[in-house]
Amino acid sequence: QVQLVESGGGLVQAGGSLRLSCAASGRTFSPYVMGWFRQAPGKEREFVAGISRTGGSTRYADSVKGRATISRDNVRNTVYLQMNSLKPEDTAVYYCALDLDNVITIAIIRGSYDYWGQGTQVTVSS
């Protein structure tokens, strides 16, 4: 079993920044791809960013490319999502997820991920 706990969300003005964290426990997460997804009210959960097990490969949704940076610390069992130049359309609950089946290939499909955190709310005011 793996427990994922997100933190770092909050209310920020447009143009601001946030750094989200996701701490894993219960099992080492270093062998696996990690991802960040988000879900806005009334919308489907969508892929935001993903990172391979070593951090050598990353992938981003077009909507955040150039504004987001995903990173991981395998010693601390933590994955991060730095979001800059935030926009009101970035408002959503952000979830981290772990993919047990992949170590390098970063899936963008929600169903590829096996474990999820409870989410952290990010609200961007205009």
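Please read these numbers as outputs of a predicted model, since none were measured by experiment. (Residues numbered from 1 in each chain as written. Predicted model: local features only at pLDDT ≥ 70, side-chain atom pairs only at ≥ 80, totals over all residues. Heavy atoms only, no water.)

Trainee: Could you clarify how one ought to interpret the pattern of salt bridges in this entry?
Mentor: Side chains carrying opposite charge are able to pair once their charged atoms draw close together. All told, the structure shown has 5 salt bridges when counted by the stated rule. A salt bridge links Arg 38 to Glu 46; the nearest nitrogen and oxygen atoms lie 2.7 Å apart. Overall, Arg 38 belongs to the buried group, its relative accessible area being 6%. Notably, a salt bridge pairs Asp 73 with Arg 76, separated by 2.8 Å at the nearest N-O pair. Relative accessible area serves as the criterion here: at 60%, Arg 76 is assigned to the exposed category. Ionic contacts of the salt-bridge type, sharing partners, join the residues Arg 38, Glu 46, Arg 67 and Asp 90 into one network. (Salt bridge = Lys/Arg side-chain N within 4 Å of Asp/Glu carboxyl O. Buried < 20%, exposed > 50% of the residue type's maximum accessible area, 1.4 Å probe, protein only.)

Trainee: Looking at this structure, how should I read the nonpolar core?
Mentor: The tendency in soluble globular proteins is for nonpolar side chains to be buried side by side. Within the largest apolar cluster, 37 residues are counted, with the highest numbers of intra-cluster contacts made by Leu 4, Trp 36, Ile 70, Leu 81, Tyr 94 and Tyr 113. Contributions of two or more residues to this core are made by β3 (18-25), β4 (33-39), β5 (46-51), β7 (68-73), β8 (78-83), β9 (92-99) and β11 (120-125). Residue contributions to this core peak at 5 residues, all from β9. Those residues within four positions of Tyr 94 in sequence are excluded, and the remaining contacts are Glu 6, Leu 20, Trp 36, Phe 37, Arg 38, Val 48, Leu 81, Met 83, Gly 119, Thr 120 and Val 122. (Core = buried A, V, L, I, M, F, W, Y, C linked by side-chain atoms within 4.5 Å. Helix = DSSP H or I, 4+ residues; strand = E, 2+ residues; numbered from the N terminus. Contact = heavy atoms within 4.5 Å.)

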